[in-house]
Amino acid sequence: MNVSPKKSWEGSIGGGMVSIASSFVFAHFFPIMSVAEWAGLALVVVVFGTWGDLTESLLKRQLHIKDSGSILPGHGGMLDRFDSALMAIPPAVVYLYALTWI
């Protein structure tokens, strides 16, 4: 079963590269964490954000629905706006908390 046929490995890898590159910029302007810690946070968000998006796509596909709501027509519904964040925020918080243990 295709979870989300319109998503590509290239898009995921490209998004990850942009996120990690952005983490270097954040490390420069916000030196509260090292470059490696910022890059680690970017990696956590990319992995779990992608997982959240694919999980939500699989759920909609199994329920045979195109949109999860009608507030934003043509955008997949409100759940599509937050699916990545719902899955990425908890691991990001755990990652940041784990940095305090080191």
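Residues numbered from 1 in each chain as written. Predicted model: local features only at pLDDT ≥ 70, side-chain atom pairs only at ≥ 80, totals over all residues. Heavy atoms only, no water.

### Remarks on the packing of helix 1 (residues 9-29) against helix 2 (residues 35-62)
- Interhelical geometry of helix 1 versus helix 2 gives an angle of 150 degrees and a closest axis separation of 8 Å. As far as their axial angle goes, helix 2 and helix 1 are roughly antiparallel. Relative to helix 2, the crossing made by helix 1 is right-handed. On the side of helix 1, the interface is formed by Ser12, Gly15, Gly16, Ser19, Ile20, Ser23, Phe24, Phe26 and Ala27, while helix 2 contributes Val35, Trp38, Ala39, Ala42, Leu43, Val46 and Thr50.
- Residues that form the contact of helix 1 with helix 2 fall into these classes: 10 nonpolar, 6 polar and no charged. (Axes fitted to C-alpha atoms, helices over the stretch in contact; angles between N-to-C directions. Helix = DSSP H or I, 4+ residues; strand = E, 2+ residues; numbered from the N terminus. Parallel < 35°, antiparallel > 145°, perpendicular 65-115°, else oblique. Left-handed = near helix turned anticlockwise from the far one by under 90°. Contact = heavy atoms within 4.5 Å. Nonpolar A, V, L, I, M, F, W, Y, C, P; charged D, E, K, R; others polar.)

### What to know about the nonpolar core
- One finds Ala27, Met33, Trp38, Leu41, Val44, Ala92, Tyr95 and Leu99 forming the largest nonpolar core, which totals 8 residues.
- Taken together, the elements giving at least two residues each to this core come down to helix 2 and helix 3 (78-99).
- Excluding anything up to four places from it in sequence, tyrosine 95 contacts Ala36, Glu37, Gly40, Leu41 and Val44. (Core = buried A, V, L, I, M, F, W, Y, C linked by side-chain atoms within 4.5 Å. Buried < 20%, exposed > 50% of the residue type's maximum accessible area, 1.4 Å probe, protein only.)

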